[in-house]
Amino acid sequence: MKTFRFVLSLSISLALGIALNTKIGSIPPLGKFLSPFHGFWQNAENNKIDIESISIDENLKDSVNVYFDELLIPHVFANNEQDLFFTQGYITAYHRLWQMEFQLYSAAGRLAEILGPKIGNTSIIDVDRQMRRIGLMYGAQKSEELFKKEEPEVYALIEAYTAGVNTYIEDISYADLPIEYKLLNYEPEPWTPLKCFLLISNMNNMLSRDERDLEHTNALKKWGREVFDILYPERPDIVDPVIPIGTAFNFDPIVVEKPDVKFPIEFTDPFISKPNPDNGSNSFVVNGNKTANGRVILANEPDLGLNLPSIWYIMQLHAPSINTMGATLPGGPGVIIGFNDSIAWGNTNAKRDLVDWYYIQFKDENREEYLYNGNWVPTKKVIEEIKASGSFSYYDTIIYTHHGPVVYDRNFTSSKSEITNLAMKWTAHEGSKEIKALYLGNKAQNYEEFVEAFSYFSGPPQNYSFASVSGDIAIWVNGKFPVKWEEQGKFLMDGSNIDHEWKAYVPYSHNLHVKNPSQNFVSSANQHPADTLYPYYQYDYYYEHYRGRRINDRLRVLDNIGVDDIMNLQHDNFNYNAFEALPMMLDSLDSASFTDLEWSYYNKLRNWDYFNNPDLQAPSIYEEWWKKLNSKLWDEIDSSEVRVYRPNWYTTVNILKTNPDFFMIDNQQTTIKESAGDLFRLTFKESISSLEEYLTTEGNSIQWYEYKNTTIRHLLRINAFSKGNVKIGGNRSIVNAASSSHGPSWRMVVELGDGEVNAWGVYPGSQTGNPGNPMYGHMINDWASGEYYKLLFKKSFAPSDDEVVHNITLKSDQ
């Protein structure tokens, strides 16, 4: 019956999709696509797993056993590390081949090869040009070269992973290809080690590329320094940083003096797309002094895009030298977030400004030399061929300087820019050893080995939380951070001036860290990393101001903590923004003139406890009011002829409370100067009208989960492959950070002590990436309702074990 419903739903959606949905791309050959023996029908599965044992002619030294539990988590047991990582590649490809490849087509700037040159009004060629110009492949190539030269043993394991993926690709028939290949009419190409490094570059793209340097330059020129500092302050008074306030730093820092420099203050148009600024995470660890049983508990949830197939793939990897389990990234070896027999680790994005922009002065139109430190220095030209499916090739010449690629030039610019030739300097362009860090971290047995392992982790910078069976807890801010003078890189810089150059990197031992603090917990949620005692300049345009405070507020008062308490904190729906803004907004209203309808809305907000629970209406009312208020308040920014951006939510509330005469507290659509109270009253009425109109559509509701409509979207945005209207609370800037399309992509809780490791996890998806599999997306409802699965972590398995639903052997013919 499940197979029939899938085929019926898919048939209808494909008929409409092929006819109407241009996002699917060109129509595949219909005879082959519709064939009952080879086409999409073959993707409808009655069995939740059908992989079989095989014999491997080469690449395997010994046989490998793989046991699948009821969640379809594979537990890989090998006799050596090469076979272990070969099998990881093979099994991951079985469940996630299309996802692995598609995400790296995007990162490599190759989407036009499968989607064609244009979809609707969107130029896929220009999308690919952007990805080529920001240099993800450039950084990946440098990392591969570094591993070949300096890390041959780890590189051999990457080659083993690659061989495993390719063995699966070589064995798969068209009938068994994931349905997305059939929809887009292409087939998988051979995997390469370079793609594993490109996966790391893609992580950097999501988590370390975000910045607003050029927007800052525009704002500074447009409004001046006083207004700029009001809109974009660096450090509010309420900072509750990752490293506890008052932590001593016992080292002699590298000192860089701020030179007497002048920034190039010119308008530019930074039109390349930005990563989602909400990409982040929550992680916290409590030690035995705060738990009921004396064990330590670590919790982690990376808040990322909510996609199907899911970002993460869960595995256990076991060999004589390693036994680890957790979330892997399809396309790369090892475990990213997880645990082993002795330790557990999690991470959150360690926000820091790691991208700087430099204005480049070329000698002439040939662009073969550029000015630097009084000399003309040679450039390097790279001609990128962008192939478009069924069409043509587009050639794009990218100029490289020692700063990095010239992203904006005469061939890639906007009429709104007063200057062009802007080079991008980014730590992700430099060769790095994250795969080695993860490999050693998966094997680490104690704090010292954990610290040594992640000394190789350059980016994207992460706050790595740590717990061990011996009772230690810790957090390290790991990454490669340039030593900057104050405001270096906050604005466009002069690429010819050596004083604007990065001079050094923060030594690893100077990176922020704390072990076993007196508060008995550590936490991170993308907030400021430290207080002002830390001697290095800390800056990012978008530190989080709510989640970290809420987590720390709760951990400070909780005692006798159990695993359930930690899980409840991961699902905490308290809206700190509303808590600080709503009383001010409500107090400004003139209740004497309220209609009955306005009283109804007012009372729902006044009686609200600030928790964004899924069944409540008050969160929806507040959300609508807050959005309309921000639109009226920041209309000068939204309508600006040059790109600038709105202040963050905390700054917005602070301006409304402390700076009522600020010139932007006004509605540009009227001739009078409004006050904050005027805007509150106007937008309250507008919000009610908007919600009432929304409710006139049959089926619409302002219960929070329905109004928010959290949706786990398929990567191709095919509705039949997606799950919408998920019943979950929270929102951005709430600990339970589930917004409409973004949120907790993996939740993990690990308890360690008394020689034991117990772990629980859940994520919004499934191990299988096949929409026709009965297990597709099966964890979504449990994820939304706060349920967890106990993770099966054993030192040995047998095919007869009750927990094993399927097992295979990869047999070596050697």
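All values reported here derive from a predicted model rather than from experimental measurement.

1. Things to note about the overall build of the protein
Here is step 1 of the chain: Along its length, the protein carries 23 helices and 31 strands.
Here is step 2 of the chain: Taken over C-alpha atoms, the radius of gyration comes to 27 Å for the protein, in line with the 28 Å a tight globule of 814 residues would show.
Here is step 3 of the chain: Taking the principal axes of its C-alpha atoms as reference, the protein extends roughly 80 × 70 × 60 Å.
Here is step 4 of the chain: Counting only residues that meet the buried cut, the protein has 63% of its 814 residues in that class.
Here is step 5 of the chain: Relative to all contacts within the protein whose residues are 6 or more apart in sequence, the contacts with residues 24 or more apart total 73%.

2. Quick notes on the packing of helix H7 (residues 152–171) against helix H12 (residues 434–443)
Two packed helices can be described by the angle between their axes and the distance between those axes.
Here is step 1 of the chain: Contact geometry for H7 and H12: axes closest at 10 Å, N-to-C directions at 90°. The orientation of H7 with respect to H12, classified from their angle, is roughly perpendicular. Here Val154, Leu157 and Ile158 of H7 come into contact with H12, specifically with Ile435, Lys436 and Tyr439.
Here is step 2 of the chain: Residue classes in the contact of H7 with H12 are distributed as five nonpolar, no polar and one charged.

3. Details of the pairing of strand S11 (residues 337–340)
Here is step 1 of the chain: In S11, alternate side chains face the same way, and those of Ile337 and Phe339 on one face and Gly338 and Asn340 on the other are all buried.
Here is step 2 of the chain: Two strands pair when backbone bridges link them, and strand S10 (residues 322–328) and S11 are joined in this way by four bridges, in the antiparallel orientation. Residue pairing for S11: Thr324 is matched across the bridge by Asn340.
Here is step 3 of the chain: Pairing geometry for S11 and strand S12 (residues 343–349), over two bridges, is antiparallel. Note that in S12 the partner of Phe339 across the bridge is Ala344.
Here is step 4 of the chain: As consecutive antiparallel partners, S11 and S12 are separated by two residues.

4. Structural notes on the sheet that holds strand S8 (residues 307–308)
Pairing between the strands of a sheet comes from backbone hydrogen bonds, and it takes one of two forms, parallel or antiparallel.
Here is step 1 of the chain: Here three strands make up an open sheet; going across it, the order is S8-S25-S26 and the pairing mixed. In this open sheet, the two strands that pair with only one neighbour each are S8 and strand S26 (723–726).
Here is step 2 of the chain: In this sheet, S26 lies alongside strand S25 (residues 710–714) in antiparallel orientation, the contact comprising two bridges. Bridging from a neighbouring strand, Thr710 pairs with Val726 of S26.

5. Examining the environment of Tyr313
Here is step 1 of the chain: Within the secondary structure layout, Tyr313 lies in strand S9 (residues 313–319).
Here is step 2 of the chain: Residues Tyr313 and Ile383, 70 residues apart in the sequence, show an inter-C-alpha distance of 36 Å.
Here is step 3 of the chain: Ignoring anything within four residues of it in the chain, the contact list for Tyr313 reads Leu72, Pro74, Ile91, Thr92, His95, Arg96, Gly326, Ala327, Thr328, Pro330 and Gln767.
Here is step 4 of the chain: Separated by 2.7 Å, the side chains of Tyr313 and His95 make a polar contact.

6. Regarding a negative patch on the surface
Here is step 1 of the chain: Together, Asp57, Glu58, Glu170, Asp171 and Asp813 line one region of the surface with negative charge.
Here is step 2 of the chain: Residue position: Asp171 is located in helix H7.

7. A closer look at the sheet that holds S10
Here is step 1 of the chain: Across the sheet, which stays open at both edges, the eleven strands sit in the order S1-S31-S2-S3-S9-S10-S11-S12-S20-S21-S23 with mixed pairing between neighbours. In this open sheet, the two strands that pair with only one neighbour each are strand S1 (54–56) and strand S23 (513–515). Shown here is a sheet whose adjacent strand axes are inclined to one another by a mean of 15°, direction ignored.

Calculation criteria
Residues numbered from 1 in each chain as written. Predicted model: local features only at pLDDT ≥ 70, side-chain atom pairs only at ≥ 80, totals over all residues. Heavy atoms only, no water. Helix = DSSP H or I, 4+ residues; strand = E, 2+ residues; numbered from the N terminus. Rg over C-alpha atoms; globule rule 2.2 N^0.38 Å. Buried < 20%, exposed > 50% of the residue type's maximum accessible area, 1.4 Å probe, protein only. Contact = heavy atoms within 4.5 Å. Axes fitted to C-alpha atoms, helices over the stretch in contact; angles between N-to-C directions. Parallel < 35°, antiparallel > 145°, perpendicular 65-115°, else oblique. Nonpolar A, V, L, I, M, F, W, Y, C, P; charged D, E, K, R; others polar. Pairing = 2+ DSSP bridges. Polar contact = N/O pair within 3.5 Å; in protein donor to acceptor, adjacent residues only side chain to side chain. Patch = residues over 30% accessible without salt bridge, like charges linked within 9 Å, V, L, I, M, F, W, Y side chains within 5 Å. Areas by Shrake-Rupley, 256 points an atom, 1.4 Å probe, with all protein chains shown as cover. Salt bridge = Lys/Arg side-chain N within 4 Å of Asp/Glu carboxyl O. Lys, Arg positive; Asp, Glu negative; His and termini not counted. Charge placed at Lys NZ, Arg CZ, Asp CG, Glu CD.

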